[in-house]
Amino acid sequence: MRAGIFSGAAAEQTAPAHLKLVLESDLMAGKNLSSQVSTEEEYVVSARGEKIGSVAVLDLGVKTSTVNYIADRGFDVHVLPQTVTADEVLAMNPSALFFSNGPGDPSASQKHVELLQSVLKAGLPFFGICFGNQLLGRALGFETYKLPFGHRGINQPVLDKATGRVEITSQNHGFAVDAPIDGILESPSGFGRVEVSHYSLNDNVVEGLRCLDINAFSVQYHPEAAAGPHDSNYLFDRFRDMVLASATTSGASN
C-alpha cells in the first residue's frame, strides 16, 4: 500500500494534490531495491567463542541481529555488497552462503538468483531469510508472486512440518514463493527434491523451503527478530549443524 506523509510547503497543498503525489509514486512490483540498502563495502564480524568456519552474507538489507546470531554460532561473518559475483564469493572459500531479508520484487533480482544457482552447483551450504527465501525459490525454478494482503507484524502462526510445532513469528513481506505446500517437489532448475518445510496457518502461504538433495533451506519469516518472538531462533542452530555436517561429509569424500 502506498502512502504519503507531508510536511513543510508540501503539507500546504490540498488533499487531491497529496493523493496525486501518492498515486504517482512507484509500485513495489518489478522494483529491485537492494542497491539502496546494501553495504557498499565488505565488512567482517568475527566469530564469538570457538571458530568453526566462515559465512558469506549477501547484504540485501541485512539486520545487525542476523549477523550477531551467525557470529554467536562460531562463524566469521563476511557481509558482502549486493554487487558481489559468484566467482568472488567462491574465491573466499566460505563454509556457507547466507541471503538476507530486504525490500523489492524477487523477480527483479535475477543476478542474485544466478549467483545463488552458481554457488549451489558448487556445493556450498545455503540459508536464506525472507527475501532470501524468495530468491532460493526462484533459484530452484519456482515462481514468486505479489500477495493480495502482505504478512506484517509479530503474531503470525507458522507450522513447521518436520516437528508439527506451531511457531509464532515476525513477518514483513509482500511477495511469496509459488509452490504446493504438500508432497515432495522436483526442482525445475535441476537441484533435486524440494519440500515446503513451513507454511502459514492463516492463508497457507509458503513460509519455508528445504532441499533434500543439496544443503540448502530458507524461511520466509524473521527468526532474527531482535524484539521477538524468538520461537524460531533455533533455525540458526539448524544452519550451524548443516554446515558442520556438510564439512564432515566433504572431508570424508576427499
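Nothing here was measured: the structure is a model prediction, and the numbers come from that model.

Q: How would you explain the overall build of the protein chain if you had to name every residue and give the values?
A: Scanning the protein chain from N- to C-terminus turns up seven helices and 11 strands. The C-alpha atoms of the protein chain give 19 Å as radius of gyration, which agrees with the globular expectation for 254 residues (18 Å, within 12%). Along the three orthogonal principal directions, the C-alpha set of the protein chain runs to about 70 × 40 × 35 Å. For the protein chain, the proportion of its 254 residues judged to be buried stands at 51%. Considering only intrachain contacts with a sequence separation of at least 6, the fraction spanning at least 24 residues in the protein chain is 65%. For the protein chain, the exposed area adds up to about 11,900 Å²; of that, 51% sits on carbon and sulfur atoms. Taking the average location of the 18 positive side-chain charges in the protein chain and that of its 28 negative ones, the two points are 2 Å from each other.

Q: I'd like a rundown of helix 5 (residues 110-121), residues and numbers included.
A: Compared with an ideal rise of 1.5 Å per residue, which puts 12 residues at 16 Å, helix 5 spans 17 Å between its outermost C-alpha atoms and is within 8% of the ideal. Taken together, the buried positions of helix 5 are occupied by His112, Val113, Leu115, Leu116, Gln117, Val119 and Leu120. Just beyond helix 5, the residue with positive phi is Gly123, at close to 90°.

Q: An account of the pattern of salt bridges is requested, with residue identities and associated values reported.
A: This structure, assessed with the given rule, holds 10 salt bridges. Ionic pairing is found between Asp72 and Arg48, a salt bridge with its closest N-O pair at 3.0 Å. With Asp72 in helix 3 (residues 64-72) and Arg48 in the loop between strand 1 (43-45) and strand 2 (53-58), the pair connects residues that are 24 residues apart, well separated along the chain. For Asp72, a relative accessible area of 42% gives the class partly exposed. A salt bridge links Arg138 to Glu143, with the shortest nitrogen-to-oxygen separation between them at 3.7 Å. Owing to a relative accessible area of 16%, Arg138 belongs among the buried residues under this scheme.

Q: Go over the pairing of strand 7 (residues 165-178), please, and point to the residues and values.
A: Relative to strand 7, strand 6 (residues 143-160) is paired through 12 bridges, and the arrangement is antiparallel. Of the residues in strand 7, the one forming a bridge with Lys146 is Phe175. Between the antiparallel neighbours strand 6 and strand 7 lie four residues, among them Gly164 with a positive phi of about 75°.

Q: Summarise the packing of helix 5 against helix 6 (residues 131-139); cite the residues concerned and give the values.
A: Put simply, helix 5 and helix 6 touch, their axes get as near as 9 Å, and they point 70° apart. One finds that helix 5 runs roughly perpendicular with respect to helix 6. Considering only the axes of helix 5 and helix 6, their crossing is right-handed. Contact residues: helix 5 offers His112, Val113, Leu116, Gln117 and Leu120, while helix 6 offers Leu135, Leu136, Arg138 and Ala139. Taken together, the residues of the contact of helix 5 with helix 6 sort by class into six nonpolar, two polar and one charged.

Q: Go over the nonpolar core with me, naming the residues and quoting the values.
A: By size, the foremost hydrophobic cluster in this structure holds 35 residues, and its most contacted members are Leu97, Phe99, Leu116, Phe126, Leu140 and Leu209. Where this core is concerned, the elements lending two or more residues are strand 2, helix 4 (86-91), strand 4 (96-99), helix 5, helix 6, strand 9 (193-200) and strand 10 (206-211). A per-element tally of this core places helix 5 first, with five residues. Every residue in contact with Leu116, bar those within four places of it in the chain, is listed here: Leu97, Phe99, Phe126, Leu135, Leu136 and Ala139. In this structure, Ile70, Phe127, Cys130 and Val243 belong to the second largest nonpolar core, which totals 25 residues.

Q: Lay out the pairing of strand 6 in plain terms, naming residues and giving numbers.
A: It is a general feature of regular strands that their side chains alternate between the two faces of the sheet. Here strand 6 runs beside strand 9; their pairing, made up of three bridges, is antiparallel. Bridge pairing links Asp160 to His198 in strand 9.

Q: For the packing of aromatic side chains, give the residues involved together with the corresponding values.
A: Within the structure shown, the criterion is met by seven aromatic pairs. Here the aromatic rings of Phe75 and Phe239 are separated by 6.0 Å at their centres, their planes lie at 35°, and the arrangement is tilted. A residue pair is termed long-range when its members are at least 10 positions apart, and Phe75 in strand 3 (residues 75-80) and Phe239 in helix 7 (residues 234-253) qualify at 164 residues. For the pair Phe75 and Phe239, one class covers both residues: buried.

Cut-offs and rules
Residues numbered from 1 in each chain as written. Predicted model: local features only at pLDDT ≥ 70, side-chain atom pairs only at ≥ 80, totals over all residues. Heavy atoms only, no water. Helix = DSSP H or I, 4+ residues; strand = E, 2+ residues; numbered from the N terminus. Rg over C-alpha atoms; globule rule 2.2 N^0.38 Å. Buried < 20%, exposed > 50% of the residue type's maximum accessible area, 1.4 Å probe, protein only. Contact = heavy atoms within 4.5 Å. Areas by Shrake-Rupley, 256 points an atom, 1.4 Å probe, with all protein chains shown as cover. Lys, Arg positive; Asp, Glu negative; His and termini not counted. Charge placed at Lys NZ, Arg CZ, Asp CG, Glu CD. Expected span 1.5 Å × (residues − 1). Salt bridge = Lys/Arg side-chain N within 4 Å of Asp/Glu carboxyl O. Pairing = 2+ DSSP bridges. Axes fitted to C-alpha atoms, helices over the stretch in contact; angles between N-to-C directions. Parallel < 35°, antiparallel > 145°, perpendicular 65-115°, else oblique. Left-handed = near helix turned anticlockwise from the far one by under 90°. Nonpolar A, V, L, I, M, F, W, Y, C, P; charged D, E, K, R; others polar. Core = buried A, V, L, I, M, F, W, Y, C linked by side-chain atoms within 4.5 Å. Phe/Tyr/Trp six-rings, centres within 6.5 Å; stacked < 30°, edge-to-face > 60°.

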